[in-house]
Amino acid sequence: MHGYILCRELRVYVGMLMNPLREEVKQMAEQKIQTEDEHIRGETGSTVKRLKEVDPNAPVALITGTSSGFGMLTAVTLAKQGYRVVATMRDLSRNVELVRLAEQEGISDRVQVIRLDVTDADSVQEAVQTVLQNNGRIDMLVNNAGFALGGFIEEVSMDDWRRQMETNLFGLIAVTRAVLPVMREQKQGLIINLSSVSGLSGFPGYAPYAASKFAVEGFTESLRHEMSSFGVRVVLVEPGAYRTPIWSKGLGEIHRSEHSPYKDKLDAVLRYSQHAGETAPDPQEVADLIARIARMRAPRLRYALGKGSRLLIIGKLLLPWKWLEWIIARGLK
């Protein structure tokens, strides 16, 4: 959603606001991104070899939050790439779509579905032990479980603030801590944390979600430093708006009142959120990126993708904060 506003507004004002030096730096940043993307495509290739049989020595991927969206698509994509995938979800009754897709793609024998509630310490430990008993190893962890809670800061209860952090941050940390000893002893592994452009730029009406994702960013940076000497790669994937259920769920989680002093601003946020959800690109792009990262020997720390995401990053890097503030405020009028 951030990217949608900045993408539209910056295209109008960037030429007027940037001096020649900033324009030159912008071009250098964009060229760097393009060069890195070409390197990724060259290093990983664009085709995925599909295995006819399950290889007992195939790498094992543990993915949280696979009942829908990025998690479900990533589970299917990695299984098609040859991984033995352990797809987890809090409510196993919601596995219908994942099971259907796995059968449709002929990869059911490579997808194991187990229960994992990231907010329940016992559930986390039991799930990790189940993975090890069934597979003997964990080569890849994709921390995807999460949700978006909205509302203006004054009107979001502390219980809801804690609920947002329990899932998006503490749940991610709990699963990571349970897997780290395994990867450390293996002397290899890959951890991909699903962040968001909301972890790079806060937006009015989504402070709880932004706060949780900013925390994930800092946690992941520290984790990457700590695990580098053990052969464990740590990566952030930062999607912008995509067509996933997080938008409909997030809109439903927004706290609003007809008598709220923030009503007009919140209505504007809701309109942008609705528009972003309806016009966002295919979430398969995120699953495909995760699959490419899985094949990289030395992935970089951050991968931002989605409409307007890179422009947002460049804009925040180059523009004074007051200009960004003005652009966002103007976009919400």
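## With respect to the pairing of strand β6 (residues 232-239)
Across the 8 residues of β6, 7 count as buried, placing the element largely inside the fold. A crossover connection joins strand β5 (residues 189-194) to the parallel β6 through helix α7 (residues 207-227); in handedness this β-α-β unit is right-handed. Judged from the 4 bridges that link them, β6 and strand β7 (residues 302-305) form a sheet pairing that is parallel. In the sheet register, Glu 238 faces β7, and the bridge partner there is Ala 304.

## Digging into the packing of helix α6 (residues 158-186) against α7
Running from N to C, α6 and α7 point in directions that differ by 15°, and their axes come no closer than 9 Å. Of the possible angle classes, the one that applies to α6 and α7 is roughly parallel. The hand of the α6/α7 crossing is right-handed. Residue-level contacts link Trp 161, Gln 164, Met 165, Asn 168, Leu 169, Leu 172, Ile 173, Thr 176, Leu 180 and Arg 184 of α6 to Ala 207, Pro 208, Tyr 209, Ala 211, Ser 212, Lys 213, Ala 215, Val 216, Phe 219, Leu 223 and Met 227 of α7. Split by residue class, the contact of α6 with α7 holds 15 nonpolar, 4 polar and 2 charged.

## Some words on the sheet that holds strand β1 (residues 60-63)
Reading across the sheet, the 7 strands line up as β3-β2-β1-β4-β5-β6-β7 and stay open at both edges, with parallel pairing between neighbours. At either margin of the open sheet sits one strand with a lone partner, and together these are β3 (111-115) and β7. Each adjacent strand pair in this sheet contributes to an overall mean axis angle of 15°, direction not counted. With 3 bridges joining them, β1 and strand β4 (residues 140-143) adopt parallel strand pairing. Bridged to Leu 62 within β4 is Leu 141. Helix α10 (residues 284-294) contacts β4, β5, β6 and β7 of the sheet and is inclined by roughly 160° relative to β6.

## Focus on the packing of helix α3 (residues 69-80) against α10
Contact geometry for α3 and α10: axes closest at 8 Å, N-to-C directions at 45°. What the angle tells us is that α3 and α10 run oblique. Of the two elements, α3 crosses α10, and the hand of that crossing is right-handed. On α10, the residues that touch Phe 70, Leu 73, Thr 74, Thr 77 and Leu 78 of α3 are Gln 284, Val 286, Ala 287, Asp 288, Ile 290, Ala 291 and Ala 294.

Reading guide: rules and limits
- Residues numbered from 1 in each chain as written.
- Predicted model: local features only at pLDDT ≥ 70, side-chain atom pairs only at ≥ 80, totals over all residues.
- Heavy atoms only, no water.
- Buried < 20%, exposed > 50% of the residue type's maximum accessible area, 1.4 Å probe, protein only.
- Helix = DSSP H or I, 4+ residues; strand = E, 2+ residues; numbered from the N terminus.
- Right-handed = clockwise from strand over helix to strand, strands pointing away.
- Pairing = 2+ DSSP bridges.
- Axes fitted to C-alpha atoms, helices over the stretch in contact; angles between N-to-C directions.
- Parallel < 35°, antiparallel > 145°, perpendicular 65-115°, else oblique.
- Left-handed = near helix turned anticlockwise from the far one by under 90°.
- Contact = heavy atoms within 4.5 Å.
- Nonpolar A, V, L, I, M, F, W, Y, C, P; charged D, E, K, R; others polar.

This is a description of form; function is not addressed.
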